[in-house]
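Reading the structure
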Amino acid sequence: WDWYKKNIPFLDTPDFEIDQTYYYRWELLTIHLVYGSPESGYGSTEFINRPWWSGAYGTLSCPAGHQLYDYRWLRDQKFVKDYSKMWFKDPGTQPLNYTNWIGDAIWQGYKVNKDSGFIISLLEDLKKDYYSWEKKYWVEKEGMFAWDGMHDGMETNINSRQTPQWFEGAPGYRPTLNAYMWAEANSIVNIAKLVNNQETINEFQEKANIIKSNFQSKNWDASRNFFFHRFKNDEITANKKDTIKANTLTYQDGIYKGNPHGRELMAYVPWYFNMLDDTKEFGSAWKFLMDPEYFYADFGPTVVERHDPLFLISERCCVWSGNSWPFATSQTLKAMSNVLNEYKNINEVSKEDYFKMFKNFALTHRKERKPYIAEALHPDTGSFSGHDVVGH
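Sequence order sets the numbering: in each chain, residues are counted from 1 along the sequence as written. This being a predicted model, a pLDDT of at least 70 is required before a residue's local features are given, and a value of 80 or more before pairs of side-chain atoms are given or counted; all residues contribute to the totals for chains, interfaces and linings. Hydrogens and water are ignored here; the side-chain numbers use all heavy atoms of the structure.

The next point concerns the overall build of the protein chain. For the purposes of this entry, the term helix denotes a DSSP run of H or I that reaches at least four residues, the term strand denotes a run of E that reaches at least two, and both are numbered from the N terminus. Regarding its fold elements, the protein chain presents 13 helices and 12 strands. C-alpha extents for the protein chain along the principal axes are approximately 60 × 55 × 45 Å. Three exposure classes are used, based on accessible area relative to the maximum for each residue type with a 1.4 Å probe and protein chains only: buried under 20%, partly exposed in between, and exposed over 50%. Counting all 392 residues of the protein chain, 58% fall into the buried class. If you take every contact in the protein chain between residues at least 6 apart in sequence, the share linking residues at least 24 apart comes to 66%. Pairs of residues are marked as contacts when any of their non-hydrogen atoms sit within 4.5 Å.

Here you go:
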């Protein structure tokens, strides 16, 4: 109790369910908080049982953006600062094992604590991190980053399932990774401004501009009013009879060529960072979120639109083809709040819509009416059955 009293922001609303979920999430933070070593300080696990694919101290880069966004609100800033620097100072943390928005989250931490000395000390680390991503996943001729959905933590998705590598296939230019790297480039620009490093400002502003320009022009489908995964390579389809051409969007080629669906919740991620131009055209993508014929569900949203030919509510982990995933719901809520606060030309969602989705999210944190959360759940019933194995 003393630790909570000293550290967390207290909340009292007229809604008991929201309050209960709020405090449960702080309890979860302490369950996952880990003291790595005297050199590393504090970090966070993703899974209690620290599976073989995790790095030092049970850390995984995939959820680190979410975790750092939470840690920044603790009054004792050693937690967010330790975890921020751990990714660059401890070789066992493996920041490139999964896509992430650590760079953006570190900048968001600075906006709370205003410790310019600390964040400036990480500038060269962030630049090195960005260059490492470029070396492995930047495709110069397309002006974007490309990797597969499994390394977004979004395995077994409707793009990978079109290929024989159903779990981790179909590398492509995805809204997730490109938004994360755009946000990191902008964070580097903002930190460089603190020290008037014009060379770095110019370099990374150009990098951010290139990503944004190419993503907006190449991943948007005006006929479907949505952003899509764009295939990096020519792919043989799962039936071994058809092909998917490189640089086509979901369902522009292959078995489902011409299908009007293919929308995935991850397309809202660029708004999480205010990356996109404020246009009515791009804003039209938001008309699908609250529509039960597409993404909306009482314990959702679903991660794929309802009538997609590969829509699947899986009875076990880990399938990103129709279940509700709290990881993605949280991203969508943040993106939605940015739309309401920052975008003047988007009228597809309202404050009332946001509260409805937010309340739904609070109520997903339940099992047998008690606070609980696991990786994924049934979007219509709220059941975690099949996804709540020990340690997850």
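What follows covers the environment of Val-80. If you trace the backbone, Val-80 turns up in helix H4 (residues 78-89). Relative accessible area serves as the criterion here: at 2%, Val-80 is assigned to the buried category. For the pair Val-80 and Glu-235, spaced 155 residues apart in sequence, the C-alpha to C-alpha distance is 42 Å.

Take the pairing of strand S2 (residues 41-44) next. In this analysis, strands are considered paired if DSSP registers two or more bridges between them. In the sheet, strand S1 (residues 33-37) pairs with S2 via four bridges, with the strands oriented antiparallel. When the bridges of S2 are listed, Tyr-35 appears paired with Tyr-42.

Okay, the side chain of His-151 next. Assignment of secondary structure puts His-151 in the loop between strand S4 (144-145) and strand S5 (172-173). Residue contacts for His-151: discarding those within four places in its chain leaves Asn-97, Tyr-98, Thr-99 and Glu-168.

Moving on, we come to the nonpolar core. Residues belong to one nonpolar core when they are buried, are Ala, Val, Leu, Ile, Met, Phe, Trp, Tyr or Cys, and are joined through side-chain atoms within 4.5 Å. Ranked by size, the top nonpolar core spans 102 residues in total, and within it Phe-145, Tyr-268, Trp-271, Phe-273, Trp-286 and Leu-289 carry the most contacts. A total of 11 residues in this core trace back to one element, the largest contributor, which is helix H8 (residues 175-194). Beyond its immediate stretch of four places on either side in the chain, Phe-273 contacts Trp-101, Asp-104, Ala-179, Tyr-180, Trp-182, Ala-183 and Asn-338. The next biggest cluster of nonpolar side chains, apart from the first, holds six residues, and it includes Tyr-24, Ile-373, Leu-377 and Phe-384.

Here a cavity denotes a set of grid points, spaced 1 Å apart and computed over the protein atoms alone, in which a 1.4 Å probe fits but from which it cannot get out, and a pocket denotes an open set meeting protein on both sides within 12 Å along at least five of seven lines; residues with an atom within 4 Å of a point are reported as lining. Grid points are joined across faces, edges and corners, and a volume is the space filled by probe spheres set on the points. Summed over the entire model, instances satisfying the criterion amount to three cavities of 30 Å³ or more. As a volume, the largest cavity reaches approximately 70 Å³. Around the largest cavity, the lining residues are Met-154, Asn-157, Arg-174, Glu-264, Leu-265, Met-266, Val-303, Trp-320 and Ala-328. Following the grouping adopted for this structure description, the nonpolar residues are Ala, Val, Leu, Ile, Met, Phe, Trp, Tyr, Cys and Pro, the charged ones are Asp, Glu, Lys and Arg, and the polar ones are all others, Gly among them. In the lining of the largest cavity, the residues fall into six nonpolar, one polar and two charged. Roughly 60 Å³ of internal volume is contained in the second largest cavity. In terms of lining, the second largest cavity is formed by Val-80, Lys-81, Ser-84, Ile-106, Gly-109, Tyr-110, Asn-113, Asp-115, Phe-118 and Ile-119. Of all the secondary structure elements, the ones that give two or more residues to the lining of the second largest cavity are H4, helix H5 (102-113) and helix H6 (116-121). The element best represented in the lining of the second largest cavity is H5, accounting for four residues. Of the residues in the lining of the second largest cavity, the class split is five nonpolar, three polar and two charged.

This next bit is on the confidence of the model for the protein chain. pLDDT measures how confident the predictor is about each residue, on a scale from 0 to 100. Per-residue confidence for the protein chain averages 97 on the pLDDT scale, and 100% of its residues sit at or above 70. The least confident element of the protein chain is S1, whose mean pLDDT is 94; the most confident is strand S7 (residues 226-227), at 99.

The next subject is the state of the cysteines. Whenever a pair of cysteine sulfur atoms sits within 2.5 Å, that pair is classed as a disulfide. Under the defined criterion, the tally for this structure stands at one disulfide. Here Cys-317 engages in a disulfide with Cys-318; their sulfurs sit 2.3 Å apart. Judged by the sign of its S-S torsion, about 95°, the cystine formed by Cys-317 and Cys-318 is right-handed.

Put simply, helix H3 (residues 64-71) and H5 touch, their axes get as near as 8 Å, and they point 5° apart. Considered as vectors, H3 and H5 are oriented roughly parallel to each other. Residues Ala-64, Gly-65, Leu-68 and Tyr-69 of H3 lie in contact with H5, whose contacting residues are Ile-102, Asp-104, Ala-105, Ile-106 and Gln-108. All axes here are fitted lines through C-alpha atoms, helices being fitted over the stretch that makes contact, and every angle between N-to-C directions spans 0 to 180 degrees. In these notes the angle categories are as follows: under 35 degrees is roughly parallel, over 145 is roughly antiparallel, 65 to 115 is roughly perpendicular, and the rest is oblique.

Here the aromatic set is Phe, Tyr and Trp, taking the six-membered ring for Trp, and pairing holds for ring centres within 6.5 Å; pairs whose planes are under 30 degrees apart are stacked, those over 60 apart are edge-to-face, and all others are tilted. Inspection of every chain in the model, using the stated rule, returns 46 aromatic pairs. Between Tyr-42 and Phe-79, the ring centres sit 4.8 Å apart and the planes meet at 70°, which makes this aromatic pair edge-to-face. Remark: Phe-79 occurs in helix H4 and Tyr-42 occurs in strand S2; sequence separation between them is 37 residues. With a relative accessible area of 22%, Tyr-42 lands in the partly exposed category. With 5.6 Å between their ring centres and 50° between their planes, Tyr-69 and Tyr-272 make a pair best called tilted.

A separate point is the environment of Ile-188. Structurally, Ile-188 is set in helix H8. With relative accessibility at 0%, the residue Ile-188 sits in the buried group. As a C-alpha pair, Ile-188 and Asp-278 span 90 residues in sequence and 23 Å in three-dimensional space. Not counting the four nearest positions on each side in its chain, Ile-188 is found in contact with Leu-123, Leu-126, Lys-127, Tyr-130, Thr-200 and Phe-204.

A few words now on H8. Expected span of a helix, by definition, is 1.5 Å for each gap between consecutive residues, and there is one gap fewer than residues. With 20 residues, H8 should reach 28 Å at 1.5 Å per residue; the first-to-last C-alpha distance of 29 Å fits that figure. Asn-196 sits one or two positions beyond H8 and adopts a positive phi of about 55°.

The space that makes up the second largest pocket amounts to roughly 840 Å³. Considering each element in turn, the lining of the second largest pocket owes the most residues, six residues, to helix H2 (residues 16-32). Of the residues belonging to the lining of the second largest pocket, the class tally is 15 nonpolar, four polar and four charged.

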